[in-house]
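Single-letter residue listing:
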Amino acid sequence: MQPLADLEIGVMFWAGRDPLATVREIKSFGVRSGQLGIAGDTPLAGAAAAWRSALQSEEFTLVTAFCAYIGEDYADIPTVQRTVGFIPPATREEREQRTYEVSGFAAELGVPGVACHIGFVPEDKNAADYVAVRAMVRRVCDYCARHNQTFALETGQEPAGVLLNFLRDVERPNLKINFDPANMILYGTGDPIEAVGMLAGELVSVHCKDGDWPPMGVPGALGAERPLGAGSVGMANFIATLKEIGYRGTLNIEREGQSPEQWRQDVRMAVDLLKRLR
Ligand code: MG
């Protein structure tokens, strides 16, 4: 696949429809790279050939395969804690196997990175969930390393310091961070610009997403996602900070929970905004 420019604009989009039509639609936004989200129930057996051929013929580069899992629910913070990522014990084994499947699929497409939300990392290093998830992340990293892939943790569900401590504790060189500035705000976990600085050396990819802080006086509520530039991240400051820390990866526009029409409109606007800012 073709080399990408520093801070090249890309789009986060989802598998599940015809690969060629999907890639062409994403290219119609004027980009040639992105991240492919893979829902837990998207069948992957036999799917790689059509994706590989679509990516090659359209000269489109995927930088990350993003895993989501069956049973995840982002309704509010307690629901996220109960259902998302590697933390819930009941689904841990099945999600580990699924992550391996996604890594293998991504390897067939030449994708250099796998990522997911692992869920809320506990602060207590001696907690049973912490120990089990650390062991699981080590196994996932080692599996991805066999494919020369990084494995990236999505930010937001814990403060940057907790994430950084966990990352160091796992001790795997291919463990990285997919930084999502909006998540820090939506979950109320800290100022994203400060967090970029703290996590600077560990970023392999970023989401360009925006949002507002959780409403006051509603325990457990998440903030609301907003179109890029309309939320509380401060996109100009975010992009400037990425440059300052020497980040050279892609800028992946992420927009969630919209009708297809609204999604397209918001992505187009986000591409225009990032062109002006980068
Ligand atoms: Mg994100």
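Figured I'd write up the structure that's included with this text. Keep in mind that this is a model prediction, so the values were computed, not measured.

Looking at the environment of Gly-85
Logical step 1: With respect to the secondary-structure elements, Gly-85 resides in the loop between α3 (77-83) and α4 (92-108).
Logical step 2: Spatially, the C-alpha atom of Gly-85 lies 10 Å from that of Glu-154, the residues being 69 residues apart in sequence.
Logical step 3: Once you skip the residues sitting within four places of it in the chain, Gly-85 turns out to touch Glu-72, Arg-95, His-117, Ile-118 and Gly-119.

Some thoughts on empty space enclosed by the protein
Logical step 1: By the definition in use, this model includes one cavity of 30 Å³ or more.
Logical step 2: The calculated volume of the largest cavity comes to roughly 40 Å³.
Logical step 3: Broken down by element, the residue count for the lining of the largest cavity peaks at three residues, all from helix α10 (residues 260-277).
Logical step 4: Its residues assigned to classes, the lining of the largest cavity shows six nonpolar, no polar and six charged.

Comments concerning the nonpolar core
Logical step 1: Counting residues in hydrophobic clusters, the biggest one holds 78 residues, and the most contacted among them are Phe-86, Ile-118, Val-137, Phe-151, Phe-179 and Phe-238.
Logical step 2: Not counting residues within four places of it along the chain, the set of residues in contact with Phe-238 comprises Phe-179, Pro-181, Ile-193, Val-196, Val-206, His-207, Cys-208 and Val-233.

Some points on the side chain of Ser-103
Logical step 1: Residue placement: Ser-103 occurs in helix α4.
Logical step 2: For Ser-103, a relative accessible area of 0% translates into the label buried.
Logical step 3: Residues within four places of Ser-103 in sequence aside, it is in contact with Val-114, Tyr-143, Cys-144, His-147 and Gln-149.

As for the pattern of salt bridges
Logical step 1: Taken as a whole and judged by the stated rule, the model has 19 salt bridges.
Logical step 2: Of the charged contacts in the structure, one is a salt bridge between Arg-92 and Asp-129, with a shortest N-O distance of 3.0 Å. Taken together, the residues span a long stretch of sequence, with Arg-92 in helix α4 and Asp-129 in helix α5 (residues 128-146) at a distance of 37 residues.
Logical step 3: The class of Arg-92 is buried, set by a relative accessible area of 13%.
Logical step 4: What makes Asp-129 partly exposed here is its relative accessible area of 28%.
Logical step 5: Arg-264 is the partner of Glu-261 in a salt bridge, and the nearest nitrogen-oxygen pair spans 3.0 Å. Placement of both Glu-261 and Arg-264 in helix α10 is noted, with a separation of three residues, approximately one turn of the helix.
Logical step 6: Taking relative accessible area as the criterion, Glu-261 reaches 46% and is therefore assigned partly exposed.

Observations regarding helix α8 (residues 192-199)
Logical step 1: Residues of α8 that are buried include every one of Pro-192, Ile-193, Ala-195, Val-196 and Leu-199, and no others. The buried residues of α8 occupy one face: seen down the axis, they fall within an arc of 160 degrees.
Logical step 2: For α8, the elements touching its buried residues are α6 (160-170), β6 (175-179), α7 (181-186), β7 (203-208) and α9 (235-244).

Basis of the calculations
Residues numbered from 1 in each chain as written. Predicted model: local features only at pLDDT ≥ 70, side-chain atom pairs only at ≥ 80, totals over all residues. Heavy atoms only, no water. Helix = DSSP H or I, 4+ residues; strand = E, 2+ residues; numbered from the N terminus. Contact = heavy atoms within 4.5 Å. 1 Å grid on protein atoms, 1.4 Å probe; cavity = no way out; pocket = protein on both sides within 12 Å on 5 of 7 lines; lining within 4 Å. Points joined across faces, edges and corners; volume = space filled by probe spheres on them. Nonpolar A, V, L, I, M, F, W, Y, C, P; charged D, E, K, R; others polar. Core = buried A, V, L, I, M, F, W, Y, C linked by side-chain atoms within 4.5 Å. Buried < 20%, exposed > 50% of the residue type's maximum accessible area, 1.4 Å probe, protein only. Salt bridge = Lys/Arg side-chain N within 4 Å of Asp/Glu carboxyl O. Arc of directions from axis to C-beta.

Fair warning: the whole summary comes from geometry, so function is off the table for now.
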